[in-house]
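Spelled out from the first residue to the last, the chains are:
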Amino acid sequence: MKHAFPLMTAVLLAACSSPGGELVSLAQKRLALARDIAWYKYSRELPVYDATRETALLQAVIAEGTAAGVPPETTRRFFAAEMEASRRIQWEWIHAWRKNLAPLPEGTPPDLSGNLRPQIDSINSRQIQALSRGAQPPSINQLSDMGARFLPKN
């Protein structure tokens, strides 16, 4: 599941002052949390994919996006792709820990509800604002390519 860092992503990162660059930067911050989310889920034997939670989150960001003037389909497509990219990272970490391909993190996992989700909610709101200013959302392939840097190193 390793991906090359595409030229398009590099170009977007170079333009971080633009809404598109801001959106990409925020997506990277969101994807960087995936390892900690995986550690929390792994330590509690929770599934990576929670359809009920993701549906509720999509409904919430679509409502927030609509209020900010972002078309619902744009919001849905972007956040669904971002969640998929995050799940891919989580699955890779959990696989690596189960197969002893990567050491387990030290200490207690960060609290999902009290620590990680508030960070995600803040990032989501900032991403919606970037979308409302005209940022073009990256595709699932671009998000996966961005997320590759957060995968376990073999």
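Above this text you will find the structure in question.
Here we summarise the structure given alongside this text. These numbers come from a predicted model, not from an experiment. Position numbers for residues start from 1 in each chain and track the written sequence from start to end. Predicted model: local features are reported for residues with pLDDT of at least 70 only, side-chain atom pairs are reported and counted for 80 or more only, and whole-chain, interface and lining totals are derived from all residues. Excluded from the side-chain calculation are hydrogens and water; included are all heavy atoms of the structure.

A separate point is the overall build of the protein chain. Helix and strand labels come from DSSP, where a helix needs a run of H or I of at least four residues and a strand needs a run of E of at least two; each type is numbered from the N terminus. Per the secondary structure count, the protein chain includes 7 helices and 0 strands. Seen in sequence order, the protein chain has helices and strands lined up from the N terminus as α-α-α-α-α-α-α. Remark: exposure states derive from per-residue accessible area (1.4 Å probe, protein chains only) relative to the maximum for the residue type, with buried under 20%, exposed over 50%, and partly exposed in between. Buried residues in the protein chain amount to 44% of all 154 residues. Taken as a whole, the protein chain presents about 8000 Å² of accessible surface, with 54% of it coming from carbon and sulfur. Methods summary: accessible areas were calculated by the Shrake-Rupley approach with a probe of 1.4 Å, and residue burial reflects only the protein chains presented.

Now for unusual backbone geometry. Even without being glycine, E45 reaches a positive phi, approximately 55°. Along the chain, E45 turns up in the loop between α3 (34-43) and α4 (51-67). Non-glycine residue N100 carries a positive phi angle of around 55°. For N100, the location among the structural elements is in the loop between α5 (72-98) and α6 (112-132).

Attention shifts here to helix α2 (residues 19-32). Working rule for helices: expected span equals 1.5 Å times residues minus one. With 14 residues, α2 should cover 20 Å at 1.5 Å per step; its first-to-last C-alpha distance of 20 Å lies within 8% of that length. When α2 is considered as a whole, its buried residues turn out to be G20, G21, L23, V24, L26, A27, Q28, R30 and L31.

We now examine the packing of α4 against α6. Convention adopted: a line fitted to C-alpha atoms gives each axis, helices being fitted over their contacting stretch, and angles between N-to-C directions are expressed from 0 to 180 degrees. With their axes 10 Å apart at the nearest point, α4 and α6 run at an angle of 35° to one another. Between α4 and α6 the crossing geometry is right-handed. Note on element contacts: α6 touches α4 through R117, N124, S125 and I128, opposite R53, L57, V61, E64 and G65. With the far helix as reference, a near helix turned anticlockwise by less than a right angle produces a left-handed crossing, and one turned clockwise produces a right-handed crossing. In this description, contact between two residues means that some pair of their heavy atoms is separated by no more than 4.5 Å.

By themselves, these observations are geometric and do not establish any function.
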